[in-house]
Amino acid sequence: MTAGIDDIAIYIPRLYIDAADFAEARGLDPVKLQKGLGVSQMAIVDANQDPACLAANACLRVMEKNNLDPQDIGRLYISTESAFDESKAMNSYVIGMLEQVYGQGSFEHCGGVETKFACVSGSYALYDNTNWIRAGEAEGKSALVVVSDIAKYDMGSSGEMTQGAGAVVMLLNDKPRLLEFDPKVTSTSIKDEYDFYRPFGKETPIVHGQYSNLLYMIQVRKALESYKKKVISSNLIQMKEGETILDHMDYINMHLPYSNMGKKALAYLVRHEWRQLPRWKNILEQIGMKEPVPKDPRGTIESVLADEEFMAKDHEFTKLFTKTQEYQDVFESKLSSSLIASTMIGNLYTASLYLGFRSSLEFEYQKGVDLDGKRIGFGSYGSGSSAMVFSGVVQPEYAEIVKSMNLESEIGQRRRLTWSEYEELHENKLAPEQSKVHTKKEFVLVDIKTDVESRGERRYAFTS
Ligand code: COA
């Protein structure tokens, strides 16, 4: 049985901090954010928003757009790394909110869980729900998989310039109009690591950014190796001599903690793949230097990062490689459109990859590209750490969905925060009723109880 993404909706908070204001306040060169990282604006949640509200708002959008009834939905999964309860799952809050609109008990048949594995958990949730449909368990119903996060880092930390917030929901079913997932090729890689984690009770993560970036690329490359084997053994794709699996992906969506990380990760994968092929000779001639190798090629990630000479040479090599026409063609045709939304919104943790997918559809369609039958590859990464590589094929009915996509209008009118407003929000100084904007027909947080018996209970409202 086939399964895949039938429709997709997003919810992005209206407030944002502009990269220029951020750079000025932190004494940074704005070009570092805009060009070095690819960050122009970072979405920030208001005082009356949490990741459950973002998720519920995204769900409502996909339900209303498709005239869905709660009975059409068999499962609702939430993937997040911004959980605020150690036991109660976020999907229960979301169902509570949706029932304010659809009626009490309207979703009671709709099972699901909250899944956690840093930024990769949404991909596991998609895979599990796809298999629920493929197994025939769905009996005609659809699944909602929501990825919702608030990427918030410590004040003054290097991660603070890669923040953002938002939710993406994917409607999955057995007659997907957007993307059908390729069967039997989803591949994973996993390793116990401490590149980025958030201990109990801490609102912001502990991040080893450069370590995490390198680990991300290594883990995705490992998952890609396994994907290649599965693609060949399952006969999904017939590879010819001198080809790489990446030649068979029309689009590649990468996990995007910030937009330029996609470019870096793609360059790493392409380099790794092309190194084995006849075309590499020509690339090396253009670059004009040998590909550097670390002093200890079998060393750890720490030893590679500590090898300053190698790191500097590798950086230089990568820069020259990304300037070659051959890499530019791959970048422009397969990745560039997926980065646009990230530049405008910032880091969405679990939702970053899927916002990129959404961005790619919208901006490729606007270019006039016919997407029917195009294969899209996904490189998902979650710190801690695990990667997942999988793919799918755009379906003939895709234009029905993609023609009305409009990122700017879906975000709505945005408000640029002043630095002091940003600081107030970051330090959680405002109560929900002191929110900066008043939105209509959206779920908002009203109250979090503090008394002993009901501490942590959250109340939400649907604004009129
Ligand atoms: N003008 C233009 N570019 C500039 C610049 C300037 N003035 N200053 C720096 N840059 C470039 C750098 O060359 C670098 O580009 P490169 O990656 O192509 O080399 C980029 O900007 C970033 O600069 P760098 O000095 O490497 O950044 P940093 O050490 O301050 O931190 C991160 C960058 C991404 C590591 C950090 O923001 C972070 O940790 N973010 C969190 C990421 C995360 O959470 N990852 C885990 C989940 S996957």
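If you're wondering where the values come from, they're calculated on a predicted model, not measured in any experiment.

**Notes on the overall build of the chain**
Along the backbone of the chain there are 16 helices and 17 strands. Taking 464 residues into account, the globule formula puts the C-alpha radius of gyration at 23 Å, and the chain, at 22 Å, falls close to it. Over its C-alpha atoms, taken along the principal directions, the chain stretches across nearly 65 × 55 × 40 Å. Taking all 464 residues of the chain together, 56% fall into the buried category. The long-range share in the chain, meaning contacts at least 24 apart out of those at least 6 apart in sequence, stands at 77%. Summed over its atoms, the accessible surface of the chain is roughly 20,100 Å², and 49% of this surface lies on carbon and sulfur atoms. With 53 positive and 66 negative side-chain charges, the chain shows a separation of 3 Å between the mean positions of the two kinds.

**Things to note about the sheet that holds strand β2 (residues 15-18)**
Overall, mixed pairing links the 3 strands, which are arranged β3-β2-β15 in an open sheet. Edge strands, defined here as strands with exactly one partner in the open sheet, are β3 (41-44) and β15 (415-416). The strands touched by helix α16 (residues 419-426) are β2, β3 and β15; relative to β2, the strand with the most contacts, the crossing angle is about 120°.

**Some points on the site of the ligand**
The immediate surroundings of the ligand are formed by 22 residues, with K32, Y153, S158, K264 and H315 found nearest. In this structure, an oxygen atom belonging to the ligand sits 2.8 Å away from a side-chain N or O atom of K32. In this structure, a nitrogen atom belonging to the ligand sits 3.1 Å away from a side-chain N or O atom of T162. Taking 970 Å² as the accessible area of the ligand by itself, protein coverage stands at 76%. Broken down by secondary-structure element, the contributors of at least two residues to the shell around the ligand are α2 (30-37), α6 (209-233) and α10 (308-323).

**Quick notes on the pattern of salt bridges**
In this structure the tally under the stated criterion is 30 salt bridges. In this structure, K281 and E285 form a salt bridge, with 3.9 Å as the shortest nitrogen-oxygen distance. One end of the pair, K281, and the other, E285, are both in helix α8 (residues 279-287), 4 residues apart, so they sit about a helical turn from each other. Exposure remark for K281: the relative accessible area of 61% places this residue in the exposed category. Judged by its relative accessible area of 56%, E285 falls in the exposed class. Here E410 and R358 are joined by a salt bridge, their closest N and O atoms 2.7 Å apart.

**Digging into α2**
Of the residues flanking the start of α2, the one acting as N-cap is D29, its side-chain oxygen 2.9 Å from the backbone nitrogen of V31. Downstream of α2 by one or two residues, G38 has phi in the positive range, about 80°.

**Topic: the pairing of strand β1 (residues 4-11)**
Counting buried positions along β1 gives 8 out of 8 residues, so the element sits mostly inside the fold. Two strands pair when backbone bridges link them, and β1 and strand β8 (residues 179-181) are joined in this way by 2 bridges, in the antiparallel orientation. Across the sheet, residue I5 finds its bridge partner in β8, namely L179. In terms of strand pairing, β1 meets strand β7 (residues 164-173) through 7 bridges, oriented antiparallel. The partner of I10 across the bridge, within β7, is V168.

**Remarks on the packing of aromatic side chains**
Per the stated rule, a full pass over the model turns up 22 aromatic pairs. Where Y216 meets Y381, the ring centres are 5.2 Å apart and the plane angle is 10°; that geometry is what we call stacked. Of the two residues, Y216 sits in helix α6 while Y381 sits in strand β13 (residues 375-382), which places them 165 residues apart along the sequence. According to the relative accessible area criterion, Y216 is buried, its value standing at 2%. Judged by its relative accessible area of 3%, Y381 falls in the buried class. Each member of the aromatic cluster is reached from another via a ring pair, and the members are W274, W280, F317, F321, Y327 and F331. It is K263 that lies over the ring of F331; its NZ or CZ is 4.8 Å from the centre. Sitting over the face of the ring of Y16, R414 holds its NZ or CZ atom 4.7 Å from the ring centroid.

**Some points on the environment of F107**
Assignment of secondary structure puts F107 in the loop between α4 (90-102) and β5 (114-115). Look at F107 and you get buried, because its relative accessible area is 1%. In contact with F107, other than residues within four places in its own chain, are M63, P70, I73, I95, L98, E99 and Y102.

**Considerations on the environment of G112**
Residue position: G112 is located in the loop between α4 and β5. Assessed through its relative accessible area of 32%, G112 is described here as partly exposed. With 34 residues separating them along the chain, G112 and I78 place their C-alpha atoms 7.8 Å apart. Setting aside residues no more than four positions away along its own chain, G112 makes contact with L76, Y77 and N91.

**Quick look at a positive patch on the surface**
Together, K263, K264, K319 and K323 make up a region of like positive charge exposed at the surface. Among the secondary structure elements, those contributing two or more residues to the positive patch are α7 (259-274) and α10. Here K319 is to be found in helix α10. By relative accessible area, K319 is classed as partly exposed at 46%.

**Comments concerning unusual backbone geometry**
Residue S385 is reached from G384 by a cis peptide bond, and omega for that bond is -5°. Residue N67 is not a glycine yet carries a positive backbone phi of 50°. Its identity is not glycine, yet K441 carries a phi of approximately 55°, on the positive side. Along the chain, the position of K441 falls in the loop between α16 and β16 (443-448).

Parameters at a glance
- Residues numbered from 1 in each chain as written.
- Predicted model: local features only at pLDDT ≥ 70, side-chain atom pairs only at ≥ 80, totals over all residues.
- Heavy atoms only, no water.
- Helix = DSSP H or I, 4+ residues; strand = E, 2+ residues; numbered from the N terminus.
- Rg over C-alpha atoms; globule rule 2.2 N^0.38 Å.
- Buried < 20%, exposed > 50% of the residue type's maximum accessible area, 1.4 Å probe, protein only.
- Contact = heavy atoms within 4.5 Å.
- Areas by Shrake-Rupley, 256 points an atom, 1.4 Å probe, with all protein chains shown as cover.
- Lys, Arg positive; Asp, Glu negative; His and termini not counted.
- Charge placed at Lys NZ, Arg CZ, Asp CG, Glu CD.
- Pairing = 2+ DSSP bridges.
- Axes fitted to C-alpha atoms, helices over the stretch in contact; angles between N-to-C directions.
- Near = heavy atom within 4 Å.
- Polar contact = N/O pair within 3.5 Å; in protein donor to acceptor, adjacent residues only side chain to side chain.
- Salt bridge = Lys/Arg side-chain N within 4 Å of Asp/Glu carboxyl O.
- Phe/Tyr/Trp six-rings, centres within 6.5 Å; stacked < 30°, edge-to-face > 60°.
- Lys NZ or Arg CZ within 6 Å of the ring centre and 35° of its normal.
- Patch = residues over 30% accessible without salt bridge, like charges linked within 9 Å, V, L, I, M, F, W, Y side chains within 5 Å.

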